[in-house]
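# Inside the fold
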Amino acid sequence: MANVTFFVMIPFKKMRGGIVAQTGVQCQSERSAISQAHTAVSKGAVGAIAFKRSGDPGLGEHGEATLICQEGEVPDSVEDMLAA
């Protein structure tokens, strides 16, 4: 299978222990992921990120994630989360 680029938006919610990631949403395009991040914050999320990652799902291989949008408050650990 060929390389595929995935676009994902993750909203964040404020909890007692701090800011926590919610369930990510796979998007059709970079533009859609950015739009979803803006929408999540406008609907009450304290923050959101959008990122892209390319890889070959058939082989289970993927490259590093690239942050394409950050809105509002997100935890400092976002960079570590994207590197995982």
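Residues numbered from 1 in each chain as written. Predicted model: local features only at pLDDT ≥ 70, side-chain atom pairs only at ≥ 80, totals over all residues. Heavy atoms only, no water.

## Observations regarding the nonpolar core
One finds F7, M9, C27, A33, A37, A40, A45, A48, A50 and C69 forming the largest nonpolar core, which totals 10 residues. Only β1 (4–15), α1 (30–42) and β4 (47–56) provide two or more residues apiece to this core. In contact with A33, not counting residues within four places along its chain, are F7, V8, M9, C27, A50 and I68. With nine residues, the next largest nonpolar core counts V8, F12, A65 and V74 among its residues. (Core = buried A, V, L, I, M, F, W, Y, C linked by side-chain atoms within 4.5 Å. Buried < 20%, exposed > 50% of the residue type's maximum accessible area, 1.4 Å probe, protein only. Helix = DSSP H or I, 4+ residues; strand = E, 2+ residues; numbered from the N terminus. Contact = heavy atoms within 4.5 Å.)

## So, the environment of F51
Within the secondary structure, F51 is located in strand β4. Taking the C-alpha atoms as reference, F51 lies 24 Å from G17; in sequence the two are 34 residues apart. Other than its neighbours up to four places away in sequence, F51 contacts F6, F7, V8, I10, A65, T66, L67, I68 and L82.

## Quick look at the side chain of R53
One can find R53 in strand β4. Buried charge without a partner: R53 forms no salt bridge, and the closest opposite charge is E64, 7.3 Å away. A distance of 2.9 Å separates a polar atom in the side chain of R53 from the backbone oxygen of L82. (Lys, Arg positive; Asp, Glu negative; His and termini not counted. Salt bridge = Lys/Arg side-chain N within 4 Å of Asp/Glu carboxyl O. Polar contact = N/O pair within 3.5 Å; in protein donor to acceptor, adjacent residues only side chain to side chain.)

Bear in mind that shape data such as this cannot, by itself, settle questions of function.
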